[in-house]
Each structure stands twice: as structure tokens, then as C-alpha cells.
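Here is how the chains run, residue by residue.
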Amino acid sequence: QVQLVESGGDLVRPGQSLRLSCTASFNLFYTAYLRWYRQVPDKERELVAQITHIGETEYADSVKGRFTISTGTATNKFYLQMNDLKPEDTAVYYCNARQPQIYDYWGQGAQVTVSS
């Protein structure tokens, strides 16, 4: 069964950092788009960061300069480094692996809470 599993969500204070990990049950190396989304109650899911299979990255304006999406040496993982966290970053964060017209997999979500 294909799975994506997020980890690393936590309760932190404003200004602190967290790193989210997304672990897949398959090799992500050739996946066209690896993405992190977030969602708060009663709002649409928001695209936070994206990395393509050739390493191009894009970020939501609200997180530029603070968040970094990356892959690592493990070909079934990718990450979201979140620095200088703010209360408005509080959300459930979802990882997504999309190969257009072939697959579109989601994780179950990880709660990130930023509060003093």
C-alpha cells in the first residue's frame, strides 16, 4: 500500500524552529512535484512549498525566507525546515507527492502549533 507519513509536528514558541519529514513507501526520486501544504479549520488547504524533480523550489509569500523544502540522501524522504515560526503558521501540515496523470498521494497530516 502506498503511503506518505509526516513526522516532526510539535508545539513550539514563536521564533523557534521545526523540521517536518515526509517518508514515502516508494522511491520519490523521479516524482515531478513534492509539496507541503497546510490547512487551518474552515480554510482551504494552502500550498506552502514545492520542489521539483530537478530541484526547483517555490514558496508561498508568507513563508519565503523562513521555510526551506528539501530532499535528502534518502530517496524516499523530503523535508520542510521551518524557522522563525509565527503563530499564524499554526496548522495541520500535509505532504504531497504528485506525478501528473499518474499519481497524487497525500500524507495524513502533522499538527504544528506555534504559541507562547
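Counting from 1, residues in each chain are numbered in the order their sequence is written. At least 70 in pLDDT is required for a residue's local features to be given in this predicted model, at least 80 for side-chain atom pairs to be given and counted, and no such filter applies to totals for whole chains, interfaces and linings, which use all residues. Note that the side-chain values use all heavy atoms of the structure and ignore hydrogens as well as water.

Participant: Can you walk me through the pattern of salt bridges in this structure?
Facilitator: Oppositely charged side chains can form a pair if their charged atoms are brought close together. Definition used for salt bridges: Asp or Glu carboxyl oxygen within 4 Å of a side-chain nitrogen of Lys or Arg. On inspection of all chains with the given rule, the structure shows five salt bridges. Asp-89 is paired through a salt bridge with Arg-38; the nearest N and O atoms lie 2.9 Å apart. Taken as a pair, Asp-89 in the loop between strand 8 (77-82) and strand 9 (91-99) and Arg-38 in strand 4 (residues 33-39) lie far apart in primary sequence, 51 residues in all. The two residues Asp-89 and Arg-38 agree in class, both being buried. Look at the salt bridges and you will find they share partners, linking Arg-38, Glu-46, Arg-66 and Asp-89 into a network. Numbering of helices and strands starts at the N terminus; helices are DSSP runs of H or I of at least 4 residues and strands are runs of E of at least 2. Burial classification: accessible surface area is computed with a 1.4 Å probe over protein chains only, and a residue below 20% of its type maximum counts as buried, one above 50% as exposed, and the rest as partly exposed.

Participant: Explain the state of the cysteines here, please?
Facilitator: Every disulfide links exactly two cysteines, by a covalent bond between their sulfur atoms. Defined by distance alone, a disulfide is two cysteine sulfur atoms within 2.5 Å. The full count for this structure, using the stated rule, is one disulfide. Disulfide pairing places Cys-22 opposite Cys-95 at an S-S distance of 2.1 Å. Here Cys-22 and Cys-95 share a disulfide; its torsion about the S-S bond, 60°, makes the bridge right-handed. Here Cys-95 lies in strand 9 and Cys-22 lies in strand 3 (residues 18-24), a separation of 73 residues in the sequence. Of the two residues, Cys-22 and Cys-95, both sit in the buried class.

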